[in-house]
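# A structural walkthrough
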Amino acid sequence: MTESMIRKKPGMASVKDMPILQDGPPPGGFAPVRYARRIPNKGPSAVAIFLAAFGAFSYGMYQVGKGNKIRRALKEEKYAARRAILPVLQAEEDERFVKEWKKYLEYEAEVMKDVPGWKVGESVYNSGRWMPPATGELRPEVW
């Protein structure tokens, strides 16, 4: 585009002859520029978050304490049942031991019948105390 079309004059004689066209603010001025940092206030506050977390933690610890009491009661019940049945189990084991001990003494008498001065059932140790046989000695199912 030429100057004559823009200015609607046949030509430009001098810059001073041109009409003054200058950009300026709109009537009433520009809107104010927001330069301050304004963060919207969304969501709960820090105090609310802290109180919610503390409440959840407190409730959880309460549940743990309740569970511990129940577990402790169940454990005590189990141990009480074991204590109640222990004499019966010990009597059965003693009966089994006596039966196996008699078989063992018979076996020992047969094996050692040719050894002079051998006393069946006498301890080979000279401690004077009765000691039960070593583990598995009278338990053929373990051999």
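The protein chain carries the name NADH dehydrogenase [ubiquinone] 1 alpha subcomplex subunit 13 in an unreviewed UniProt entry, which gives Corchorus capsularis as its organism. In its Function (unreviewed entry) section, UniProt records this for the protein chain: "Complex I functions in the transfer of electrons from NADH to the respiratory chain. Accessory subunit of the mitochondrial membrane respiratory chain NADH dehydrogenase (Complex I), that is believed not to be involved in catalysis." Of the comments in the UniProt record for the protein chain, the one headed Subcellular location (unreviewed entry) reads "Mitochondrion inner membrane".

### Looking at the environment of Tyr 104
Secondary-structure assignment places Tyr 104 in helix α2 (residues 46-111). Put simply, Tyr 104 and Gly 121 are 17 residues apart on the chain and 8.8 Å apart in space, counted from C-alpha to C-alpha.

### Here's the deal with the pattern of salt bridges
Counting across every chain of the model gives 4 salt bridges. Across the pair Glu 93 and Arg 96 runs a salt bridge, and its minimum N-O distance is 2.8 Å. You can see Glu 93 and its partner Arg 96 sitting in helix α2, 3 residues apart, about one turn around the helix. A relative accessible area of 31% means that Glu 93 is categorised as partly exposed. The shortest N-O distance in the salt bridge between Glu 122 and Lys 119 comes to 3.9 Å. The partly exposed category is assigned to Glu 122, whose relative accessible area is 45%. Assessed through its relative accessible area of 54%, Lys 119 is described here as exposed.

Each value, and the rule that gives it
Residues numbered from 1 in each chain as written. Predicted model: local features only at pLDDT ≥ 70, side-chain atom pairs only at ≥ 80, totals over all residues. Heavy atoms only, no water. UniProt positions renumbered as here; feature names shortened; annotations may be inferred. Helix = DSSP H or I, 4+ residues; strand = E, 2+ residues; numbered from the N terminus. Salt bridge = Lys/Arg side-chain N within 4 Å of Asp/Glu carboxyl O. Buried < 20%, exposed > 50% of the residue type's maximum accessible area, 1.4 Å probe, protein only.

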